[in-house]
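Each chain, letter by letter, is given below.
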Amino acid sequence: MFKQNRSILFLLIIVLTVTIFNSGCGGGGASKEKEPNNSIDLANEIAIGKPFSIKISPVKDIDWFKVDLTEQGYLKIQASQVPEGLVLEVGYALFQEWEGSKVKWLKKWCKLPNALFIPEAGTYYFAIIDNHHDKESKEPIQIKVDFIPEFDAGEPNNSPEVATAIEFGTTVKPVIFPTGDRDWYKVKVEKQGYLLVKSKDVPQGITPVIYYAIYDEWADPKIQKIRDWQKLPDACAVTEPGEYYIPLHDDYNDKSSETPFSFLVEFLDEMDINEPNNDFKTAKSVSRGDTLKLAIFPQGDNDYYKIKIDKANKLKLMAKDYTGITPVIRLYTLNANDKLDVASGWKELPAEVDVILGTEYYLLICDDYNDKGSQQVFEFRIE
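Residues numbered from 1 in each chain as written. Predicted model: local features only at pLDDT ≥ 70, side-chain atom pairs only at ≥ 80, totals over all residues. Heavy atoms only, no water.

Engineer: Is there a simple way to explain the overall build of the chain in this structure?
Structural biologist: For the chain, the count of helices and strands is 1 helix and 27 strands. Taking 383 residues into account, the globule formula puts the C-alpha radius of gyration at 21 Å, and the chain, at 32 Å, lies well above it. Counting all 383 residues of the chain, 40% fall into the buried class. Partitioning the intrachain contacts of the chain with sequence separation of at least 6 by distance along the chain shows that 71% fall at a separation of at least 24. Working note: accessible area of the chain is about 20700 Å², and carbon and sulfur atoms make up 51% of it. Treating the 44 positive side-chain charges of the chain as one cloud and the 60 negative ones as another, the clouds have centres 3 Å apart. (Helix = DSSP H or I, 4+ residues; strand = E, 2+ residues; numbered from the N terminus. Rg over C-alpha atoms; globule rule 2.2 N^0.38 Å. Buried < 20%, exposed > 50% of the residue type's maximum accessible area, 1.4 Å probe, protein only. Contact = heavy atoms within 4.5 Å. Areas by Shrake-Rupley, 256 points an atom, 1.4 Å probe, with all protein chains shown as cover. Lys, Arg positive; Asp, Glu negative; His and termini not counted. Charge placed at Lys NZ, Arg CZ, Asp CG, Glu CD.)

The structure is reproduced here in structure tokens:
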């Protein structure tokens, strides 16, 4: 009788052990998905760091999962043992139980592996699909979900509303993670001059780019670019005091790294007394015999001057003491529609240009390919 009871007890222990293993108990989540889970309200709860298996079957299958997170950081999702020909994508969402649409997408659809920035504690949902909804796999695919605590001291700063304020000359340590991350910074400018932006120790594969903007929440659009996307190092002319915004991201938004790098913004005082004159409408008036001191800075700088021809039919233009650039000039006239018409070809200095007596010209001077700039002030003479 005792032996019989022991045999029954042993059998019960085996059955219980198998049941626990198959259900995933003791680990905070199932070891494989539980169907049906093809809608957000049927999402399987999973455990951080514990792999589980899924099957994309039938074709067009979508599998939903959810996870509870307790702090700011990153939700990272990876897949292994994916059959050839199947490309998995993930979409992240919040569950809106009482809204018209229960799914509030946070990010969709991205190839695995992928990660999502988590701004605060809460329950987060994600769905996994085949990218074209035309493949299936009846064999198990392994999915692993990890949580990475926040390691970027500037986050959250993914929009101008939460831009990180930085001081000139103070190095910050941004992290471009996850893929598609954009970090916003802002600086306060007191006078006309230049913003100089630099980076170093950038992780391999990342190419940081920036643009410069003014942000006004009451304007339309709220973001006004003053200089478009540029690789680092770079500089931007600022003509008025105020707050200037600098978003930073990878050039094609297709690379990321968990490694921080150095990012620095400095301020350079205005060295060209003729600025701002980057548009013909702000051109400074000059005359024959004038010797100007100017700088072609930053890269892409265009300097306009206005001159009325009151004698002779030729204009001679010369420059000296410039380095790192090749200054060229071109003449324009203003038409009845308040637009510029070309009045001469491009000419490298020194140059002599035919002009018409009594005509007012707009003179543009810049680098020959607009791909160089120099802080050095040089002399430019008009005869």
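Engineer: Looking at this structure, how should I read the packing of aromatic side chains?
Structural biologist: Applying the stated criterion to the full structure yields 18 aromatic pairs. Each ring, one from Tyr322 and one from Phe378, has its centre 5.8 Å from the other, and the planes form 70°; the classification is edge-to-face. Pair noted here: Tyr322 is in the loop between β21 (314–320) and β22 (327–334) and Phe378 is in strand β27 (residues 378–382), with a separation of 56 residues, a long-range link. Overall, the relative accessible area of 1% leaves Phe378 in the buried class. (Phe/Tyr/Trp six-rings, centres within 6.5 Å; stacked < 30°, edge-to-face > 60°.)

Engineer: How should I be thinking about the pairing of strand β4 (residues 73–80) in this particular structure?
Structural biologist: Looking along a regular strand, one sees the side chains alternate between the two faces of the sheet. Inspection of the sheet shows β4 paired to strand β7 (residues 114–118) by 5 bridges, in the antiparallel sense. Looking at the pairing, Tyr74 lines up with Phe117 of β7. In the sheet, β4 pairs with strand β9 (residues 137–149) via 8 bridges, with the strands oriented antiparallel. In the strand pairing of β9, Gly73 is matched with Pro149. (Pairing = 2+ DSSP bridges.)

Engineer: Explain the nonpolar core to me, please; I cannot follow it from the model alone.
Structural biologist: A general trend in soluble globular proteins is that nonpolar side chains are found buried together. The biggest cluster of nonpolar side chains holds 23 residues, and the ones touching the most others in it are Phe126 and Ile143. The leading source of residues in this core is β9, at 4 residues. Those residues within four positions of Ile143 in sequence are excluded, and the remaining contacts are Lys50, Pro51, Phe52, Ile54, Ile77, Gln78, Ala79, Leu88, Leu112 and Ile128. In terms of nonpolar packing, the next biggest core, distinct from the first, is built from 22 residues, Ile296, Leu315, Leu317 and Phe380 among them. (Core = buried A, V, L, I, M, F, W, Y, C linked by side-chain atoms within 4.5 Å.)

Engineer: It is not clear to me how the pairing of strand β11 (residues 182–189) should be interpreted in this structure. Could you clarify?
Structural biologist: Note: strand β10 (residues 164–165) against β11, 2 bridges, orientation parallel. Considered in β11, the bridge of Thr164 is made with Tyr185.

Engineer: It is not clear to me how the sheet that holds β21 should be interpreted in this structure. Could you clarify?
Structural biologist: In any sheet, the strands associate via hydrogen bonds between backbone groups, in a parallel or an antiparallel arrangement. The antiparallel open sheet is built from 4 strands, whose spatial order is β19-β27-β21-β25. Each end of this open sheet is capped by a strand with a single partner; those strands are β19 (291–294) and β25 (351–354). Each neighbouring strand pair of the sheet contributes to a mean axis angle of 20°, computed without reference to strand direction. Across 4 bridges, the pairing between β21 and β27 is antiparallel. Paired with Met318 across the bridge in β27 is Arg381. (Axes fitted to C-alpha atoms, helices over the stretch in contact; angles between N-to-C directions.)

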